[in-house]
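An overview of the molecular structure
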Amino acid sequence: MVEFDDLDRGLLHALQVDGRAPFRRIADVLGVSDQTVARRYARLRSVQALRVIGFSDPVLVGDDQWMVRARCAPDAAPEIADALARRPDTSWISLNSGGTEIACSLRASDSVAAGEMLLSRLPRTPRVLDVSAHQVLHVFYGGAHEPFTKLGPLDEGQVARLAEHLPEAAPAPRLDDVDRRLLRQLRADGRAPVEDLARECGLSASTVRRRLHDLRAGGLLYLDVDVSPDAHDLPLRTMLYLTVLPADLEAAGQALAGHPEVPFAAATTGRTNVYATVASPDAAAFYRYLTTRVAALPGVQGVETAPVIRTVKAAGTHYPAR
C-alpha cells in the first residue's frame, strides 16, 4: 500500500494533463517548490505508484484494439493473467468476477497478429474455459486525448495553465527510424530527459525537442500515466458491457463519455457492443450509478457488469501478486 496525500494527487492530475510538463511548471501550478515536486515524483516512481509512458494513437498507426475476456478455472486465473501481463502487446489486465474471469486489452498491428493470440495461444492454454474477443471500433472517451482523472484535485484554472503549453494539433508526420527509436524509448519512460533521448539517437537536443513536438501535435505520441490503484478515492472499478440499439449507439456512447464515473468508453464488436469502465467509491454508489445514469441511456437492451478484484497490469506497469 502507498500513502497518497493531496499534493501527490495534485501531481498525478497535473501529469495526466501534460505528462512531460517540467517540474517547475507543475510546482508553480501546485504552489510548491520544484524540488518538492521532483522528490514526490521520484518517491512515487520508485515504489511503482506512478509511471509516465509514451504511446502512439492506435488509429493513426493502424493498430487494432481488442477487449478480450477469458473465463478460467479460479486456481489458474492469476498465473494466466501474469503470463499475459508479460506480453508487450497487452495492457489493462484484471481479474474479475470473483477471480474466474480475466479481462485484457490487446493491441495488434494486424489481424494476423491478433489472431495468433486470440485463436491459437490463449484458447489452448490449460484451464482456460472459453474466450471472447471484442474489437474496438470507436473510442468515445479515453486513450490518446483524454486524461483518466475527470475528478482530480486541480481546478479549471490550474488545468488550463498546464494545458496551454500542449502542442496544437497538426497533421501527423511520416514516421522514420529515428522517430520509432524515440517512441520505443518513451515507451519505457515517457519523461526521459531530452538530453538522454538525444544521446541515444545520436541527434542534437534541439532536433529531439522539435521531433517530440511534431509527434505530439500529430497524435503519434501521447503520454499515459500508470497510477497505483491505491492513489484513487474511487477504489471500486467495474467493467460495464452494454447491448445498445445501433440507432442509439452514438448517443449512448457520448453520454457515457460525459459521466465523471467513466474513464474509458468505446463501441465494440460482439454480443455486447458498448464497453465502459466505471470508477466508484463503493458498491452502493455503483448501484446508484447503474440505476440512474445507465438506466437513462438511450437504446440499452441489456447490461452486464464485472467487478474488478485485482489489477494485474495497467497501461504499461505489471503488478504481480505479492
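Once that is clear, we can look at the pattern of salt bridges. As enumerated under the stated definition, the model contains 20 salt bridges in all. One salt bridge in this structure joins aspartate 196 and arginine 199, with 2.6 Å as the shortest N-O distance. One end of the pair is aspartate 196 and the other is arginine 199, both in helix 9 (residues 194-201) and 3 residues apart, which spans about a single turn. Aspartate 196 gets classed as partly exposed once you look at its relative accessible area, which sits at 32%. The residue arginine 293 makes a salt bridge to glutamate 261 at a minimum N-O spacing of 3.5 Å. Remark: glutamate 261 occurs in the loop between helix 11 (249-258) and strand 8 (264-268) and arginine 293 occurs in helix 12 (residues 283-294); sequence separation between them is 32 residues. Taking relative accessible area as the criterion, arginine 293 reaches 34% and is therefore assigned partly exposed. Sharing partners across several salt bridges, the network here consists of Asp5, Asp8, Arg40 and Arg43.

Attention now goes to the nonpolar core. By size, the foremost hydrophobic cluster in this structure holds 24 residues, and its most contacted members are Leu11, Leu15, Ile26, Leu44, Leu50 and Leu162. Those elements that place two or more of their residues in this core are helix 1 (6-17), helix 2 (23-30), helix 3 (34-46), strand 1 (50-55) and strand 6 (222-227). Among the elements that make up this core, the one with the highest residue count is helix 1 (6 residues). If near-sequence neighbours (up to four positions away) are discounted, leucine 44 is found in contact with Val2, Phe4, Asp8, Leu11, Leu12, Ala49 and Leu50.

Each value, and the rule that gives it
Residues numbered from 1 in each chain as written. Predicted model: local features only at pLDDT ≥ 70, side-chain atom pairs only at ≥ 80, totals over all residues. Heavy atoms only, no water. Salt bridge = Lys/Arg side-chain N within 4 Å of Asp/Glu carboxyl O. Helix = DSSP H or I, 4+ residues; strand = E, 2+ residues; numbered from the N terminus. Buried < 20%, exposed > 50% of the residue type's maximum accessible area, 1.4 Å probe, protein only. Core = buried A, V, L, I, M, F, W, Y, C linked by side-chain atoms within 4.5 Å. Contact = heavy atoms within 4.5 Å.

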